[in-house]
Amino acid sequence: MSIPFGGYASPEQIMRDRAEYARKGIARGRSVVVMQYADGILFVAPNPSKALHKISEIYDRIGFAAVGRYNEFESLRLAGIRYADINGYTFNRTDVTGRGLANLYAQHLGMIFTESIKSFEVEIVVAEVGEAPEDDQIYRITFDGSVFDEQGMAVIGGQAEAVGGRLKERYREGLPLPQALDAALSALTEPGGERPPATQIEVAVLDRSREHRKFLRLTGPRLEKLLEAAKESQESAKPAAEAQTEQGNGEQAQGERAQGEQAPGTAPPIAPEGDIDTGSGE
Amino acid sequence: MASQPAWMNSLFTHTGSSSFSEFLGVHAPSLLPARNESLAAPVGDEIPHATTIVAATCAGGVVMAGDRRATSGNIISQRDIEKVFRTDDYSCMGIAGTASTGLELARLYRVELEHYEKTEGRSLSTEGKAHRLATMIRGNLPMAMQGLVVVPLFAAYDPAHEGGRIFSYDVGGGPYEQREFHSIGSGSIFARGSLKKLYRENASPQDIVLACLHALYDAADDDSATGGPDVMRKIWPIVAVITADGYRRLPDDEVAEFVESMLERRMTAPEGPIAPLR
């Protein structure tokens, strides 16, 4: 892929090939949603595995979500934990910031993208919960090291644009947790599709009201109870949501077109055959 | 790039164990509390020392309490030092000996436990936590030989046993698991004698808190380096209770209530509660 035999490949061509390779790998997984809610930041990922996580705690106020190739984002996650722990230990626990971590990832991913034969097939989110909702930060970092400071919500991986479009329809500032989870799940579910059961999703929050460490993984009965509450809130919120959908139709159509342009009809010319290893056996 | 610390390059490539202190030992040894330099002159008496810590198991958990005094020789160097630290949701440690090394050790140990939990996605077993602390104390042995002795007391709620457990250490490491109760520091002899008479098996956390406060009072009574409750300045001992619900440091006003009821009783019986002889 770097240099076709015998011939010359322009730097533009090399970068384009690498970007296409990475993008295809990332798009083959399922999407992950990170969004603000009333008390903090919510992470939702379809993931049948109980042990191999896509969502993780990095530090007191910082969470991590990733899509793509499992071994690659796992090494990023571990590096992030080392970075946060060593900085928090050297200085003070409050001196570890999401911005610093996002920059570290951006540097590393950018370097890999330009210097390695194969770029990382990952997209990650670093989210930091603040004292107040205005201080919350969500950074999205792509395979080439670009950083995006997202407002309120971020969707990575899979059909990110379609999911992002559906999430935008339901997203409002300061949603209570059940409503926020409901919005995330309905965004992750294709229209007319069935929602994944509690065993098939990974949910975690950065809850600003918690002491010490804000990250909390929601599992078992706690998650089931929350899903019940989400279902109830869905029924009460339906009329409003439908009205909104009608308004948002034009936008959605645009989103679908954009996605159509991006998604190739044929198999990728350079990416390896078969499914990417996302670590969750999807 | 030259200004970057050396460990920056190792963040993405380190493939060692899940131990944070091992990572520091390999890539940033200067950050570890243990140092191998020898001191030009002994400083044992001149730097602050932390004194008495007591711990006792209660029904469904464990209680740890510490006085607030730090001494440098005959001087009281701090009246409100904190010597009991939350190390994770289900464990805490108290320190006695050289205060500075102890504080640093407690800070590192907390990161150590968290680091394992985050990288591995599960908490260390209670034994694993106790062993890890032993290794860190052993690392301080060269310093201890020069007078910078620090000895911790470790208490944890063990979900596997559904109860509290206490581990003690010496300068060479450990751990030594203790049944029922234990104390460390200069006033520990008196505190342990007191706890021996006041400890009741499976008593409620409230009763054990009171027993620990009595033990600290007895230690302060007979050991000049241990501070009693400072009623005038409203400086109360630090009391931590760990149960299945997690670590909880009792707020000052709650400790104040316990202390006041204890002091009231000691007004008429200065030696404290009397254990029945027959």
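Just so it is clear, the structure is predicted and the values come from calculations on it, not from any experiment. (Residues numbered from 1 in each chain as written. Chains lettered and ligands numbered in written order. Predicted model: local features only at pLDDT ≥ 70, side-chain atom pairs only at ≥ 80, totals over all residues.)

**Remarks on the overall build of chain A**
Right, so step 1: Looking only at helices and strands, one finds six helices and 10 strands in chain A.
Right, so step 2: Buried residues in chain A amount to 43% of all 282 residues.
Right, so step 3: If you take every contact in chain A between residues at least 6 apart in sequence, the share linking residues at least 24 apart comes to 70%. (Helix = DSSP H or I, 4+ residues; strand = E, 2+ residues; numbered from the N terminus. Buried ≥ 20, exposed ≤ 12 C-beta atoms within 10 Å, placed from the backbone. Contact = placed C-beta atoms within 7 Å.)

**Notes on the overall build of chain B**
Right, so step 1: For chain B, the count of helices and strands is seven helices and 13 strands.
Right, so step 2: A principal-axis box enclosing the C-alpha atoms of chain B has dimensions of 70 × 45 × 30 Å.
Right, so step 3: Burial status across chain B gives 46% buried among its 278 residues.
Right, so step 4: Excluding contacts between residues fewer than 6 apart, the proportion of contacts in chain B whose partners are at least 24 apart in sequence is 68%.

**Observations regarding the environment of A:S116**
All names here are of chain A.
Right, so step 1: Of note, S116 is situated in the loop between α3 (98-115) and β5 (122-128).
Right, so step 2: Since 11 C-beta atoms lie within 10 Å of it, S116 is described here as exposed.
Right, so step 3: Spatially, the C-alpha atom of S116 lies 9.7 Å from that of R18, the residues being 98 residues apart in sequence.

**What about the sheet that holds strand β3 (residues 55-59) of chain A?**
Residue and element names in this part refer to chain A.
Right, so step 1: Taking strand neighbours across the sheet as the criterion, the five strands line up as β3-β4-β5-β6-β7 in an open arrangement whose pairing is antiparallel. Whereas interior strands pair on both sides, the edge strands pair on one side only; in this sheet they are β3 and β7 (147-150). Pairwise comparison of adjacent strand axes, ignoring direction, gives a mean angle of 25° for this sheet.
Right, so step 2: Looking at chain direction, β3 and strand β4 (residues 62-68) are connected through four bridges and run antiparallel. From the neighbouring strand, E57 faces β4, where its bridge partner is G63. (Pairing = 2+ DSSP bridges. Axes fitted to C-alpha atoms, helices over the stretch in contact; angles between N-to-C directions.)

**Topic: the packing of helix α2 (residues 70-90) of chain A against α3(A)**
Residue and element names in this part refer to chain A.
Right, so step 1: It is at 11 Å that the axes of α2 and α3 come closest, and there the two elements cross at 135°. Relative to α3, the element α2 is oriented oblique. The two elements α2 and α3 cross, and the hand of that crossing is right-handed. Side by side, α2 and α3 meet where L76, G80, Y83 and A84 of the first sit next to L101, L104 and Y105 of the second.
Right, so step 2: Broken down by class, the residue content of the contact of α2 with α3 amounts to six nonpolar, one polar and no charged. (Parallel < 35°, antiparallel > 145°, perpendicular 65-115°, else oblique. Left-handed = near helix turned anticlockwise from the far one by under 90°. Nonpolar A, V, L, I, M, F, W, Y, C, P; charged D, E, K, R; others polar.)

**Observations concerning the nonpolar core**
Right, so step 1: Within the largest apolar cluster, 76 residues are counted, with the highest numbers of intra-cluster contacts made by A:V33, A:V34, A:L42, A:V44, A:I124, A:V126 and A:A184.
Right, so step 2: Other than its neighbours up to four places away in sequence, A:A184 contacts A:V33, A:M35, A:L42, A:V44 and A:L167.
Right, so step 3: Within the second largest apolar cluster, 71 residues are counted, among which are B:L133, B:I137, B:Y157 and B:L250. (Core = buried A, V, L, I, M, F, W, Y, C linked by C-beta atoms within 7 Å.)

**What about unusual backbone geometry?**
Right, so step 1: With omega at -5°, the peptide bond leading from B:G174 into B:P175 counts as cis.
Right, so step 2: Note on placement: B:P175 falls in strand β10 (residues 173-178).
Right, so step 3: Unusually for a residue other than glycine, A:H212 sits at a positive phi of about 55°.
Right, so step 4: Considering the arrangement of structural elements, one finds A:H212 in the loop between β9 (201-207) and β10 (215-218).

**Brief notes about the sheet that holds strand β2 (residues 40-46) of chain A**
All names here are of chain A.
Right, so step 1: An order of β8-β1-β2-β9-β10 is seen for the five strands of this open sheet, with the pairing classed as antiparallel. Where the open sheet ends on each side, the last strands, each with one partner, are β8 (153-156) and β10. Averaged over all pairs of adjacent strands, the angle between strand axes in this sheet comes to 15°, irrespective of strand direction.
Right, so step 2: Bridging between β2 and β9 involves seven bridges; their strand directions are antiparallel. Within β9, the position partnered with V44 by the bridge is V203.
Right, so step 3: Across the face of the sheet, helix α4 (residues 160-170) comes into contact with β1 (32-37) and β8 while running at roughly 155° to β8.
Right, so step 4: Against the sheet, helix α5 (residues 177-188) contacts β1, β2 and β9, and its axis sits at roughly 35° relative to β2.

**A closer look at helix α2 (residues 99-120) of chain B**
Right, so step 1: The end-to-end C-alpha distance of α2(B) is 32 Å, a good match for the 32 Å that 22 residues give at a rise of 1.5 Å each.
Right, so step 2: Positive backbone phi, at 75°, marks B:G121, one or two positions downstream of α2(B). (Expected span 1.5 Å × (residues − 1).)

**Some words on the confidence of the model for chain A**
Right, so step 1: In this model, chain A carries a mean pLDDT of 83, and residues with pLDDT of at least 70 account for 81%.
Right, so step 2: In this model, residues 239-273 of chain A is a region of pLDDT below 50 whose contacts with residues beyond four sequence positions or in other chains number 22 contacts. (pLDDT = per-residue confidence, 0-100.)

**Topic: the pairing of β8(A)**
Residue and element names in this part refer to chain A.
Right, so step 1: Burial of β8 is two-sided: the residues M153 and V155 facing one way and the residues A154 and I156 facing the other way are all buried.
Right, so step 2: Taken together, the four bridges between β1 and β8 define a ladder with antiparallel strand orientation. Bridge pairing links V32 to I156 in β8.

**Considerations on the pairing of β9(A)**
Walk down a regular strand and you will see the side chains alternate between the two sheet faces.
Residues and elements named next belong to chain A.
Right, so step 1: Across the seven residues that make up β9, a large majority, six, are buried.
Right, so step 2: Where β9 meets β10, four bridges bridge the pair, whose relative direction is antiparallel. Note that in β10 the partner of L206 across the bridge is F215.

**Here we look at the packing of α4(A) against α5(A)**
To describe two helices that pack against each other, one gives the angle between their axes and the distance between the axes.
Residues and elements named next belong to chain A.
Right, so step 1: In contact at an axis separation of 8 Å, α4 and α5 are set at 150° when each is read in the N-to-C sense. Here α4 lies roughly antiparallel to α5, going by the angle between them. Between α4 and α5 the crossing geometry is right-handed. Residue-level contacts link V163, R166, L167 and R170 of α4 to A183, A184, S186, A187 and L188 of α5.
Right, so step 2: Here the contact of α4 with α5 is composed, by residue class, of six nonpolar, one polar and two charged.

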